[in-house]
Structure formats: structure tokens, C-alpha cells
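# Residue-level structural notes
Listed below are the residues making up each chain.
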Amino acid sequence: YRGRGFDACTAPGGAAMSAWKETTNFRAVGVYIGGVSRACAQPNLTADWVQARTAGGWHVLPIWVGLQAPCTSFGHRMSNDPATAREQGRKAAGAAVSAAQSKAIGTHSVIYYDIEGYNNQNDTCRRAVLNFLSGWTNQLHRKNYRSGVYSSISSGITDLSNTYNSDSFARPNHIWAAWWNGKVNIDFKPYVPDGQWDTRQRVHQYRGGHSETHGGHTINIDSNFMAVH
């Protein structure tokens, strides 16, 4: 899919999704399937909801928001120790796969880990995140899922780009960059050069939280443009 989408803290109800399908050019929706740092309840998010959205022409992007970087103030943080952080990433992937399967999100799907912005000038913190995400990616691959990472363009996405060809850190299949520059494209230069994740492997969150009303239904969303497979 190449085009526009949105993500919302709580998955919208079926009536809102149908109305937006009829009145907008959004065709992808990011949903938070779990994780200890998930901020919103998900009363609508069931296997039936996912199947109905897919049948209705939506592309569903599952997001897992768990442990965050050790140098942040989040209540749930990963270890500073690289080996421990890597194991925590593996455990997160196992939990995410179980949640995805319970929501009818099948193998070979991409599951995106939400790692919020952090100080990547802190080398201990940066290495913890990269090890955690390596564990995440490796375990998803073992479970026959694909790995995605959502993060700010200047922290997590930059660190992944800088280690793109590394033998020490596993490379995710997709990147989802939070870069609120208002540009509806997947051009991540200068943070990510051409040649990295450029085969339908990019999502750009180009605008942060705001409310939009379409078809009589208002949803608070982040706006995205993507080229994914």
C-alpha cells in the first residue's frame, strides 16, 4: 500500500471506520495491540474488528508499546545492560506475537515496536535500545513475523540508520519515523539516506495529535504517509 493513513490511541468503532472509509482517502490505520506502556484501553480492538477492517479495504498496522529507553522518564524502562535489554526485546516480541494472533493478525505481518524519543547522545542508553530492538527483530523473525520500529526521526530512526549494515544489531524490516514536518512523503533525508528501507518499507508520521471529523465522526489522530508491503 502506498498512501495516507492514521493512528489513534484507541481503535475507533466500526461505524467511525466505515464513515472515514467513505469520506477520506485514508486507507491504513495504526492500532496499539498491547505493551506495558500502552496508554489507552481498546474496547473495540478484537479479531472481528481487524477482520472487518481488512475486509472493508483497510490496511492495519499493529503497534506494540512496551519498555522504553532507560534514559527517559517513562514508568517502564528497559535495562541499561545490553544483554538484559536484548532478552527483554525477545520477550516483548513473544508477547506481541501472541497478542497479534489473538487479533487475527497472521504470520508475515509487520509488528511495529513503539520506542519513544530518547537522548541518543547517551551511549549507554543508545546501546540498550539497539540491543533491545535487535532482540525484538530476531524473535519476530523466529516466529515468522516481520519487524518494524516506530521512533522519532532524530533518535531511534537515526540510530537504526547508523547501524544499518552492522553485524552486531539486527535490522528491522520496516521503519516508521515520527517527523512532524508536515510533508506528505517518505523522504527521510538527511536522517536516513536513499538505499535504506527504500523497497516499500517506510511509514512517515508527518503530523502529531489533532482531531479530524469526517462522515460525522471525530477522531484524534496522528497523520501518516507510507509505502509498505
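Residues numbered from 1 in each chain as written. Predicted model: local features only at pLDDT ≥ 70, side-chain atom pairs only at ≥ 80, totals over all residues. Heavy atoms only, no water.

On to the sheet that holds strand β1 (residues 2-7). Spatially, β1-β2-β3-β4-β5-β6-β7-β8 is the arrangement adopted by the 8 strands of the closed barrel, whose pairing is mixed. Direction aside, the axes of adjacent strands within the sheet are offset by 30° on average. The pairing of strand β5 (residues 146-152) with strand β6 (residues 174-178) spans 5 bridges and is classified as parallel. From the neighbouring strand, Y150 faces β6, where its bridge partner is W176. Strands β3 (59-64), β4 (110-114) and β5 of the sheet are contacted by helix α4 (residues 123-142), whose axis makes an angle of about 155° with β5. (Pairing = 2+ DSSP bridges. Helix = DSSP H or I, 4+ residues; strand = E, 2+ residues; numbered from the N terminus. Axes fitted to C-alpha atoms, helices over the stretch in contact; angles between N-to-C directions. Contact = heavy atoms within 4.5 Å.)

This part takes up the pattern of salt bridges. Counted under the stated rule, the structure contains 4 salt bridges. Here E87 makes a salt bridge to R90, at a shortest N to O gap of 2.7 Å. With E87 and R90 both in helix α3 (residues 82-102), this residue pair falls 3 residues apart, about one helical turn. As a salt-bridge pair, R126 and D123 come within 2.6 Å of each other at their nearest N and O atoms. With R126 and D123 both in helix α4, this residue pair falls 3 residues apart, about one helical turn. Taking relative accessible area as the criterion, D123 reaches 42% and is therefore assigned partly exposed. It is possible to trace a salt-bridge network through shared partners that takes in D187, K189 and D194. (Salt bridge = Lys/Arg side-chain N within 4 Å of Asp/Glu carboxyl O. Buried < 20%, exposed > 50% of the residue type's maximum accessible area, 1.4 Å probe, protein only.)

This next bit is on the pairing of strand β7 (residues 201-214). Note: β6 against β7, 4 bridges, orientation parallel. The partner of I175 across the bridge, within β7, is R202. The turn linking β7 back onto strand β8 (residues 217-228) is made up of 2 residues, and G215 within it adopts a positive phi angle of 60°.

Moving on: α4. Note on helix geometry: an α-helix contains 3.6 residues per turn, so any two residues three or four positions apart are oriented the same way. Spanning 20 residues, α4 covers 29 Å between terminal C-alpha atoms, matching the ideal 28 Å at 1.5 Å per step. After α4 finishes, the residue N144 shows a positive phi value of roughly 70°. (Expected span 1.5 Å × (residues − 1).)

By secondary structure assignment, the location of P70 is in the loop between β3 and α3. The residues touching P70, leaving out its near neighbours within four places in the chain, are R77, M78, S79, N80, C125 and A128.

Spatial relationships are all this shows, so hold off on functional conclusions.
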